[in-house]
Every structure is written in structure tokens, then in C-alpha cells.
Amino acid sequence: QVQLVESGGSLVQAGGSLRLSCIASGLVYRYYSMAWFRQAPGKEREFVSVIAWNSGRTDYADSVTGRFTISRDNAKKTMYLQMNSLKPEDTAVYYCAANFQGTGDTSDTRYRYWGQGTQVTVSS
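Described in the following lines is the structure provided in the data block. Since the model is a prediction, treat every value here as computed from it, not as a measurement. (Residues numbered from 1 in each chain as written. Predicted model: local features only at pLDDT ≥ 70, side-chain atom pairs only at ≥ 80, totals over all residues. Heavy atoms only, no water.)

A closer look at the overall build of the chain
Within the chain, the secondary structure is distributed over zero helices and eleven strands. Taking 14 Å as the expected radius of gyration for a compact globule of 124 residues, we find that the chain reaches 13 Å, a close match to that expectation. By its C-alpha atoms, the chain is 40 × 25 × 25 Å across when sized along the principal axes. A burial count over the chain gives 45% of its 124 residues as buried. Pairs at least 24 residues apart make up 60% of the contacts formed inside the chain by residues separated by at least 6 positions. Of note, the chain has its 13 positive side-chain charges centred 7 Å away from the centre of its 10 negative side-chain charges. (Helix = DSSP H or I, 4+ residues; strand = E, 2+ residues; numbered from the N terminus. Rg over C-alpha atoms; globule rule 2.2 N^0.38 Å. Buried < 20%, exposed > 50% of the residue type's maximum accessible area, 1.4 Å probe, protein only. Contact = heavy atoms within 4.5 Å. Lys, Arg positive; Asp, Glu negative; His and termini not counted. Charge placed at Lys NZ, Arg CZ, Asp CG, Glu CD.)

What follows is the structure, encoded as C-alpha cells:
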């Protein structure tokens, strides 16, 4: 049974930093591209960042480029999202997702496995 468990969400002031983690189990982690998505209240879920399974290539939404950094530790089956210079518009539930041998997809329809999400709230 595949499980993805996010953690690290919190309430933080604008300009602050958070580090999200996503721990995976039940899958051969090194074969999965991993991504972060987020969903703000009343909005559609949107792509944040992805890290490819083989090359380690990363991609970011324009809104977070230069502020967020995605990384992974295959030995720990864990993915991270370092979020700096947080803004109120970053407030959302953040989800991690896994895509078997994915090519760095930014569409959520490509991802089969999802975590339950962790809440990030940025106050102004």
C-alpha cells in the first residue's frame, strides 16, 4: 500500500521560511518523479515544483521560482520543499504526489499517488 505523508506546514509571517517534507512508503521510490502541488481556498489545485526520478531535473511554477527549492533523498524516501521569502499568496494546503517514471510533468492528472496535505498559512 502506497503512502505519502507530508509534514512541516505551519503558520508563518510573510518573509519567513518553512521546510516541507514528504515521506513515501510502499513504492520503489527511486523510480518515481515527485512533485508538490498546492490548493488555496476556493481555487484549483496548482503545480508548485517537480523533481525527476532519473536525472534529478527540477522545475518550478513561475510564482515560486527563486524562492522555493525542491530536493529528494532516495535513501530516506523523502522529498523536501524549502520555502523562503514566503508571501500571503503562498497560503494553501500543500500536497506531495508521485508519478512512476514521470518526465517532470506539471499536470496533476499525471500523478497516481497523493498525500493528505499539510497546511501552510502565511500572515501579512
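Resuming the write-up.
Quick look at the pairing of strand S5 (residues 46-51)
Among the six residues in S5, five count as buried, and that is most of the element. Between the end of strand S4 (residues 32-39) and the start of S5, which pair antiparallel, lie six residues, with Gly42 showing a positive phi angle near 75°. Here S5 runs beside strand S6 (residues 58-60); their pairing, made up of three bridges, is antiparallel. From the neighbouring strand, Ser49 faces S6, where its bridge partner is Tyr60. Once S5 ends, the chain turns through six residues before running back antiparallel as S6, passing Gly56 with a positive phi of about 75°. (Pairing = 2+ DSSP bridges.)

With respect to the side chain of Glu6
The residue Glu6 is located in strand S1 (residues 3-7) in this model. Within the structure, the side chain of Glu6 is placed 2.9 Å from the backbone nitrogen of Cys96, a separation counted as a polar contact. Reaching out from Glu6, the side chain makes a polar contact with the backbone nitrogen of Gly117 at a distance of 2.8 Å. Those residues within four positions of Glu6 in sequence are excluded, and the remaining contacts are Ser21, Cys22, Trp36, Tyr94, Tyr95, Cys96, Gly115, Gln116, Gly117 and Thr118. (Polar contact = N/O pair within 3.5 Å; in protein donor to acceptor, adjacent residues only side chain to side chain.)

Examining unusual backbone geometry
In this structure, Lys77 is a non-glycine residue whose phi angle is positive, near 50°. Mapped onto the fold, Lys77 is located in the loop between strand S7 (68-73) and strand S8 (78-83). Residue classification places Lys77 among the partly exposed positions, given a relative accessible area of 30%. With a phi angle near 50°, Ser85 is a residue other than glycine that sits in the positive phi range. A residue is classified by how much of its surface remains accessible, and Ser85, at 40% relative accessible area, is partly exposed.

Quick look at the nonpolar core
Judged by nonpolar contacts, the single largest core of 36 residues is most densely connected at Met34, Trp36, Met79, Leu81, Met83 and Tyr94. Excluding its chain neighbours within four sequence positions, the residues that come into contact with Met83 are Gly16, Ser17, Leu18, Leu20, Arg67, Phe68, Tyr94 and Val120. (Core = buried A, V, L, I, M, F, W, Y, C linked by side-chain atoms within 4.5 Å.)

Topic: the sheet that holds S1
A sheet is described by the order of its strands in space; here four strands give the open sequence S1-S3-S8-S7, paired in antiparallel fashion. Each edge of the open sheet carries a strand with a single partner, namely S1 and S7. Within the sheet, the average angular offset between the axes of one strand and its neighbour, ignoring direction, is 15°. Pairing of S7 with S8 involves six bridges; the strand directions are antiparallel. Across the sheet, residue Ser71 finds its bridge partner in S8, namely Tyr80. (Axes fitted to C-alpha atoms, helices over the stretch in contact; angles between N-to-C directions.)

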